[in-house]
Amino acid sequence: MSRFVDRAVIHIAAGNGGNGCASVHREKFKPLGGPDGGNGGNGGDVLLVVDPNVHTLLDFHFRPHARAANGKHGQGSNRAGAVGEPLELKVPDGTVLLSKDGEVLADLVGPGTTFVAARGGRGGLGNAALASKARKAPGFALLGEEGEAHDLVLELRSVADVGLVGFPSAGKSSLISVLSAAKPKIADYPFTTLVPNLGVVTAGETSFTMADVPGLIPGASEGKGLGLDFLRHIDRCAVLVHVVDCATYEPGRDPLSDVDALEDELARYTPSLGDELAKRPRVIVLNKMDVPEAAELAELVRLELEARGLRVFEVSTATHQGLRELTFALGEVVAEHRASQPPQQAKRIVLRPAAVNDTGFTIEADPEDPEAFIVRGERPERWISQTNFDNDEAVGYLADRLARLGVEDALAKAGAKPGSPVTIAGVTFDWEPSTPAGVAVQMTGRGTDARLEQSTRVGAAERKRARQLRRDGMPEEEPAGGSSGGSADRSGTHDLSDDPDDSDEESS
């Protein structure tokens, strides 16, 4: 027998983007034919797709980890890396995707509905795409970005028009078995139904689905019994049918108190759904009319239930008494609910352009160091992940990008001083003001940057020599001057207006 699972925690990771290639075209009589490094391929996405042939989350219970394919690295001769294949995870109709904090991210209803749960990383640009008037043959390429990784919760909420609610052993499973072709387990002990059962019922020209869910007991809204497992599956039901056992011999039980207990638990369940559940139509089914005592009790409580504005039906699943009237009444209520719903419209694509004055980053003071600063923003943090810090030219290109974005000016306005630690995406630099942008700088060999070759930092050998001179009573020597190396902002010393625009990089 297959196991029913309606809740699972999954750990998904999208594919990483491939690295760009730094290559120079070479052939006979053309030793330096220009940069020809290709771009890396984008990583694959992780998609959740509703499949009508899937009815449980069992697969995710046993295999909770899923990862999409990585993008391939770029190659020489302008060969771009292959794009990573997306990973499609098939889920049942009615699956709700939540974050670890309980925030609803997507409600997947309808066959074919697709949601991107994790986006793959962008591939890095090759040096052919980074070439410009200032850098005619870049000796570096951008690294690929890492794909998104999330821990998510999947919950299955049955998609049914009619939900049967009631105490254990009230006869819900027997009722759905005679109204539809569903074959639930039926026994004479409480909590026989452990998983929801769905059946299709036909009433004239109207067909609707009916859900038989685990039994409800007082305190179910607080997790007692199978309460939460039960209540999750009535969120989408258009009509709630209270199945009341009129032949019970339990002390303190009667049809009126059972209905009151059911309504109390529905009102306590998730306040966000309480108002919606209260507005949905109710139908009372007094069951087991084949028992004489039950028929007598039904006559006593019927008038009071109808006085509350509830439609009451007396049925017997054993003799099929009253089932035809109940079926057509439910079909009528379902048809009215469907007619009252607004017509479905095609999904509209909403474009939200960034504000004109949106810099795309923020400057914050480091709480651990009063003289340090933290730069936050999608673009600066993404550029950090794309930079190969073993390549000085790549670091210089990063500084130029940050300067064009306005990070240097913002740090100066925030009170940053030369040598102040600046952290971006976990990488810390020593910030040094640069010369104004537009001043030409002599480009050096591939993979190097003249701005990083000079440093005002005193090395260990110089400090040792200075100590020795102090001991000997001799005057100390002045260290060689120069601009700071390894700084947070090494930009602005040459005009890079012809460098590839950031929008081009994102679209590639």
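Residues numbered from 1 in each chain as written. Predicted model: local features only at pLDDT ≥ 70, side-chain atom pairs only at ≥ 80, totals over all residues. Heavy atoms only, no water.

### A few points about the packing of helix α9 (residues 378–386) against helix α10 (residues 392–405)
At a closest axis distance of 10 Å, the pairing of α9 and α10 adopts a crossing angle of 175°. The orientation of α9 relative to α10 falls into the category roughly antiparallel. Residues Arg379, Pro380, Trp383, Ile384 and Gln386 of α9 form the contact with α10, whose participating residues are Leu398, Arg401, Leu402 and Leu405. For the contact of α9 with α10, the class distribution of residues is six nonpolar, one polar and two charged. (Axes fitted to C-alpha atoms, helices over the stretch in contact; angles between N-to-C directions. Helix = DSSP H or I, 4+ residues; strand = E, 2+ residues; numbered from the N terminus. Parallel < 35°, antiparallel > 145°, perpendicular 65-115°, else oblique. Contact = heavy atoms within 4.5 Å. Nonpolar A, V, L, I, M, F, W, Y, C, P; charged D, E, K, R; others polar.)

### As for the pairing of strand β5 (residues 95–99)
Side chains on a regular strand alternate between the two faces of the sheet. Of all five residues in β5, five are buried; the element is thus mostly enclosed. Alternating residues of β5 divide into Thr95, Leu97 and Ser99 and Val96 and Leu98, and every residue in both groups is buried. Two strands pair when backbone bridges link them, and β5 and strand β6 (residues 104–108) are joined in this way by four bridges, in the antiparallel orientation. Note on β6: the bridge partner recorded for threonine 95 is leucine 108. Linking β5 back to β6 in an antiparallel pair, the connection comprises four residues, with glycine 102 at a positive phi of about 95°. Looking at chain direction, β5 and strand β8 (residues 149–156) are connected through five bridges and run antiparallel. When the bridges of β8 are listed, serine 99 appears paired with leucine 152. (Buried < 20%, exposed > 50% of the residue type's maximum accessible area, 1.4 Å probe, protein only. Pairing = 2+ DSSP bridges.)

### Describing the confidence of the model for the chain
For the chain, the average pLDDT comes to 78, and 76% of its residues sit at 70 or higher. Looking across the chain, the model is least confident in helix α13 (residues 502–507), with a mean pLDDT of 45, and most confident in strand β3 (residues 65–67), with 95. Low confidence marks residues 435–441, where pLDDT is under 50. Its contacts with residues over four positions away, or in another chain, come to 16 contacts. (pLDDT = per-residue confidence, 0-100.)

### Things to note about the packing of helix α5 (residues 255–268) against helix α7 (residues 292–307)
Here α5 crosses α7 at 45°, and the two axes come no closer than 9 Å. When the axis of α5 is compared with that of α7, the two are oblique. Taking contact as the criterion, the partners of Pro255, Leu256 and Val259 in α5 are, on α7, Leu297, Val301, Glu304 and Leu305. Its residues assigned to classes, the contact of α5 with α7 comprises six nonpolar, no polar and one charged.

### Some thoughts on the side chain of aspartate 161
Mapped onto the elements of the fold, aspartate 161 is located in the loop between β8 and β9 (162–165). If sequence neighbours within four positions are ignored, aspartate 161 has contacts with Phe208, Thr209, Cys237, Ala238, Val239, Val334 and Arg338.

### Here we look at the pattern of salt bridges
Tallied over the entire structure, the rule returns 13 salt bridges. A salt bridge links arginine 7 to glutamate 155; the shortest N-O distance between them is 3.4 Å. Here arginine 7, found in strand β1 (residues 7–13), pairs with glutamate 155, found in strand β8; they are 148 residues apart in sequence, far enough to count as distant. Its relative accessible area of 42% is what places arginine 7 among the partly exposed residues. (Salt bridge = Lys/Arg side-chain N within 4 Å of Asp/Glu carboxyl O.)

### Digging into the sheet that holds β5
The strand order across the open sheet built from five strands is β3-β1-β8-β5-β6, with neighbouring strands paired in mixed fashion. Because the sheet does not close on itself, it has two edges, and the strands there are β3 and β6. Taken over all neighbouring pairs, the strand axes of this sheet differ in orientation by 25° on average, direction set aside. Summarising the sheet, β1 and β3 pair through three bridges and their orientation is parallel. Note that in β3 the partner of alanine 13 across the bridge is arginine 67.

### Quick notes on the sheet that holds strand β14 (residues 311–314)
Spatially, six strands are ordered β10-β11-β9-β12-β13-β14 in an open sheet, and the strand pairing comes out mixed. Every other strand in the sheet has two partners, leaving β10 (197–203) and β14 as the edge strands with one partner each. Each strand axis lies, on average, 25° off the axis of its neighbour in the sheet, ignoring direction. Here seven bridges tie β10 to strand β11 (residues 206–212), and the two strands are oriented antiparallel to one another. Across the sheet, residue valine 200 finds its bridge partner in β11, namely threonine 209. Here helix α3 (residues 172–179) sits on the sheet in contact with β9, β10, β11 and β12 (239–245), set at roughly 155° to β11.

### Some points on helix α8 (residues 323–340)
With 18 residues, α8 extends 26 Å from end C-alpha to end C-alpha; this agrees with the ideal 26 Å at 1.5 Å per step. Listed in full, the buried residues belonging to α8 are Leu323, Leu326, Thr327, Ala329, Leu330, Gly331, Val333 and Val334. (Expected span 1.5 Å × (residues − 1).)

### Side note on unusual backbone geometry
Unusually for a residue other than glycine, serine 77 sits at a positive phi of about 60°. Its location among the elements puts serine 77 in the loop between β3 and β4 (87–91). Positive phi is not limited to glycine here, since asparagine 78 has a value of about 60°. One can find asparagine 78 in the loop between β3 and β4.

### A word on the pairing of β8
Sheet topology places β1 next to β8; seven bridges connect them, and they run antiparallel. Across the sheet, the residue bridging to alanine 8 is leucine 154, located in β8.

### What about the nonpolar core?
Counting 24 residues, the largest nonpolar core has Val162, Met210, Val239, Val241 and Leu330 as the members making the most contacts within it. Only β9, α3, β10, β11, β12, β13 (282–287) and α8 provide two or more residues apiece to this core. Tallying contributions element by element places α8 first for this core, with six residues. Counting 21 residues, the second largest nonpolar core, distinct from the first, contains Leu48, Leu89, Ala106 and Ala118. (Core = buried A, V, L, I, M, F, W, Y, C linked by side-chain atoms within 4.5 Å.)

### A word on the packing of aromatic side chains
Per the counting criterion, the structure on display carries two aromatic pairs. Each ring, one from phenylalanine 140 and one from tyrosine 397, has its centre 5.3 Å from the other, and the planes form 45°; the classification is tilted. You can see phenylalanine 140 sitting in the loop between α2 (127–130) and β8 and its partner tyrosine 397 sitting in helix α10, a full 257 residues away along the chain. A relative accessible area of 3% means that phenylalanine 140 is categorised as buried. (Phe/Tyr/Trp six-rings, centres within 6.5 Å; stacked < 30°, edge-to-face > 60°.)

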